[in-house]
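Below are the chains, spelled out letter by letter.
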Amino acid sequence: MKFKSDFLNIMNERGFIHQASDLAGLDAKLSEGVCTGYIGYDPTGPSLHVGHLYTIMMLRWFQVCGHRPISLMGGGTALIPDPTLKDKTRPLLTPESIAGNIESIKTVFSKFLTYGDGPTDAVMVNNYDWLGGARYIDFLREVGTHFTINRMLTFESVKMRLDRELPMTFIEFNYMVLQGYDFVELYRRYGTVLQMGGSDQWGNIINGLELGRKMDGAALFALTAPLLTTSSGAKMGKTEGGAVWLNADQCSPYGYWQFWRNTEDADVGRMLKVFTDLPMDEIARLEGLGGAEINEAKKILAFEATRLCHGQEAALAAAETARKVFEEGGVGNDLPVAEVRRADLMGASVADLFVRAGLSASKGEARRLIEGGGARVGDVLVSDPAGQIDGAFLSAGGPIKLSAGKKKHVLVRVIES
RNA sequence: GGAGGGAUGGCGGAGCGGUCAAUCGCACCUGACUGUAAAUCAGGCGUCUUCGGACUACGGAGGUUCAAAUCCUCCUCCCUCCA
């Protein structure tokens, strides 16, 4: 498939397109001139994670192709629990925590998009600006008349609750109305004609699209990206039980680099397409590398992805640390550092040390790690969990490298108090 | 409103008076093999421990018993069928 617009061509060849409302119409619209498009993010946590990055890259390409991206923070909708496909109602977040989350998340966007006042500069908006002060009766009269309950009941998230006779509260039921209204508001304020998002947002996006047509007669478009999974079927962006965060204070550049470095062979090509802006022919070359050579592609993926999120310098440092640690078996500056008080180590066992350093969740776990032959102190295998820590060793000065398994390393720095 | 069924570790799902910290699968962790990959194989997978054990756990609260995840009562929440 070949499009007139650069944006859709890129989306297509890089695997960002899952569903679209009117591809031909959108293509025509995009090739006419500068368009404005948005993606909404709910600030329900202090950081976005790799799962969100997929759609952030869509905004990035949108801007690169000469359009104006809007990152919408759902400061208003986050006050309303999104009806989950799970059985339970999400807990209500406080306005304070949402405001804090927004501040924390904002910093990430500026890494990927260029904000400003120019025609294709990105804009950051918060739907609390229009939802927060909305007057109930007015809103119902203006917007509520366009939603039929009949239709709302057919939505998957609603249907599932009702089918299982689980409670769905009225506040949750309102979520889709508010989110749909965002599209109208952004159309009015910025002439926004396109909403993008993950495939799970399709229903919500279409709601907004139809609302815009009914209320303003607007020709709006929807574009969603497929759910991204690894070849093994796991949801993308989870590692060691936790999400891979985009904020540096929640996931260090080195940890981020490692996440990408550990991509499965079969996924390297797709990840390069989605999470880097390397040219397609370069990606094709990297993808074609066989056997152990594909490790080079993974390093490039890790570097490029880290560069986008944390900057060139941090990416270089992370790569250098990884080289020292994995290729030389040494120590790198970027390894996580755990500070442990000297007093806490007096008479402590090796197992205690691993717990203090955060490499093991409990002493029992540390014991198993050590007994299983997975623990190293200063690159020396330790086998006795109850073994005492050599005091002289600890006071020798420089930090000591602890390793749990082959990939997890922490530098322990002993502090006095 | 009536009649049944169920709530077990991150998830799924056994157990139905002692031998149950609880079979098994998934997920997760470690080791081997490798390429910081996948697949495979092996081990582990509540907390503490002087490694003898101790403690906390099977929706919640009581009770029966030498002994309960298992039996009884009440409560909460879910599911199915009938109105």
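Our subject is the structure that appears above.
Parameters at a glance
- Residues numbered from 1 in each chain as written.
- Chains lettered and ligands numbered in written order.
- Predicted model: local features only at pLDDT ≥ 70, side-chain atom pairs only at ≥ 80, totals over all residues.
- Heavy atoms only, no water.
- Patch = residues over 30% accessible without salt bridge, like charges linked within 9 Å, V, L, I, M, F, W, Y side chains within 5 Å.
- Areas by Shrake-Rupley, 256 points an atom, 1.4 Å probe, with all protein chains shown as cover.
- Salt bridge = Lys/Arg side-chain N within 4 Å of Asp/Glu carboxyl O.
- Helix = DSSP H or I, 4+ residues; strand = E, 2+ residues; numbered from the N terminus.
- Buried < 20%, exposed > 50% of the residue type's maximum accessible area, 1.4 Å probe, protein only.
- Core = buried A, V, L, I, M, F, W, Y, C linked by side-chain atoms within 4.5 Å.
- Phe/Tyr/Trp six-rings, centres within 6.5 Å; stacked < 30°, edge-to-face > 60°.
- Pairing = 2+ DSSP bridges.
- Contact = heavy atoms within 4.5 Å.
- Axes fitted to C-alpha atoms, helices over the stretch in contact; angles between N-to-C directions.
- Polar contact = N/O pair within 3.5 Å; in protein donor to acceptor, adjacent residues only side chain to side chain.
- Expected span 1.5 Å × (residues − 1).

Caption draft 1: Quick look at a nonpolar patch on the surface. A grouping of Tyr 136, Ile 137, Leu 140 and Phe 170 is seen on the molecular surface, where their side chains present a nonpolar patch of about 460 Å² in accessible area. For the nonpolar patch, the leading source of residues is helix α6 (residues 136-142), giving three residues. Tracing the sequence through the fold places Tyr 136 in helix α6. Residue classification places Tyr 136 among the exposed residues on the basis of a relative accessible area of 53%.

Caption draft 2: Fine view of the nonpolar core. Core analysis: the biggest nonpolar cluster contains 70 residues, and Phe 7, Tyr 256, Trp 260 and Phe 275 have the highest contact counts within it. Considering every element that reaches this core, the biggest residue donor is helix α3 (residues 50-64), with nine residues. By size, the runner-up hydrophobic cluster in this structure holds 32 residues, among which are Leu 131, Leu 178, Phe 183 and Leu 186.

Caption draft 3: Up close: the packing of aromatic side chains. This model, assessed by the stated rule, comprises nine aromatic pairs. An angle of 65 degrees between the planes, with centres 5.0 Å apart, marks the rings of Tyr 41 and Phe 109 as edge-to-face. On the criterion of sequence distance, the pair formed by Tyr 41 in strand β2 (residues 36-41) and Phe 109 in helix α4 (residues 95-112) is long-range, its members being 68 residues apart. Its relative accessible area of 3% is what places Tyr 41 among the buried residues. The exposure class of Phe 109 is buried, given its relative accessible area of 0%.

Caption draft 4: Broad picture of the pairing of strand β5 (residues 194-198). In terms of burial, β5 is largely enclosed, as five of its five residues are buried. Pairing geometry for β2 and β5, over two bridges, is parallel. Residue pairing across strands places Gly 37 opposite Leu 194, the latter belonging to β5. Where β5 and strand β6 (residues 221-225) come together, five bridges link them in parallel fashion.

Caption draft 5: Focus on the side chain of Asn 207. With respect to the helices, strands and loops of the structure, Asn 207 is situated in helix α11 (residues 202-216). For Asn 207, the contacting residues outside a window of four places in its chain are Phe 147, Phe 155, Met 176 and Gly 180.

Caption draft 6: Highlighting the sheet that holds β6. One open sheet holds the six strands; their spatial order is β1-β6-β5-β2-β3-β4, and the pairing between them is mixed. Of all strands in the sheet, those with a lone pairing partner are β1 (19-20) and β4 (123-126), marking the two edges. Strands β2, β3 (68-73), β5 and β6 of the sheet are contacted by α3, whose axis makes an angle of about 165 degrees with β2.

Caption draft 7: Focus on the side chain of Asn 127. Position of Asn 127 relative to the elements: it lies in the loop between β4 and α5 (128-131). Take Asn 127: its relative accessible area is 0%, and that puts it in the buried class. At a separation of 2.8 Å, a polar atom in the side chain of Asn 127 contacts the side chain of Asp 182. Ignoring any residue separated from it by four or fewer positions in sequence, one finds Asn 127 in contact with Leu 72, Met 73, Gly 74, Gly 75, Gly 76, Thr 77, Gly 132 and Asp 182.

Caption draft 8: Structural view of the pattern of salt bridges. Taken as a whole and assessed by the stated rule, the structure comprises 20 salt bridges. In this structure, the salt-bridge partner of Glu 185 is Arg 189, at a minimum N-O distance of 2.8 Å. One end of the pair is Glu 185 and the other is Arg 189, both in helix α10 (residues 175-190) and four residues apart, which spans about a single turn. Overall, the relative accessible area of 42% leaves Arg 189 in the partly exposed class. The partner of Arg 356 in a salt bridge is Asp 344, and the shortest N-O contact between them spans 3.9 Å. With a gap of 12 residues between them, Arg 356 in helix α18 (residues 350-356) and Asp 344 in helix α17 (residues 342-345) connect regions that are remote in the sequence.

Caption draft 9: Just the sheet that holds strand β12 (residues 400-404), in detail. The five strands are arranged β9-β13-β12-β10-β11 in an open sheet whose pairing can be described as mixed. Of all the strands in the sheet, just β9 (337-341) and β11 (380-381) have a single pairing partner and so form its edges. Of the strand pairs in this sheet, β9 and strand β13 (residues 408-415) are connected by five bridges, and their pairing is parallel. Across the sheet, residue Arg 341 finds its bridge partner in β13, namely Ile 415.

Caption draft 10: Inspection of α10 at higher detail. A rise of 1.5 Å per residue sets the reference length of α10, with its 16 residues, at 22 Å; its end C-alpha atoms lie 23 Å apart and thus fit the reference within 8%. Summarising burial for α10: 12 of the 16 residues are buried, a large majority. Considered for burial, the residues of α10 that qualify are Tyr 175, Met 176, Val 177, Leu 178, Gln 179, Gly 180, Tyr 181, Asp 182, Phe 183, Val 184, Glu 185 and Leu 186. Positive phi shows up at Gly 191, right after α10, with a value of about 65 degrees.

Caption draft 11: Local environment of the environment of Phe 109. Considering only alpha carbons, one finds Phe 109 and Ile 56, 53 residues apart in sequence, at a separation of 7.8 Å. Among residues more than four places away in sequence, those in contact with Phe 109 are Tyr 41, Leu 48, Ile 56, Ser 71, Met 73, Tyr 115 and Met 124.

Caption draft 12: Structural detail: the pairing of β12. For β12, a buried count of five out of five residues is recorded, marking the element as mostly surrounded by other parts of the structure. Burial of the side chains of β12 extends over both faces: Ile 400, Leu 402 and Ala 404 are buried on one face and Lys 401 and Ser 403 on the other. Relative to β12, strand β10 (residues 375-377) runs antiparallel, the two sharing three bridges. Its bridge partner being in β12, Ala 375 is matched across the sheet by Ala 404.

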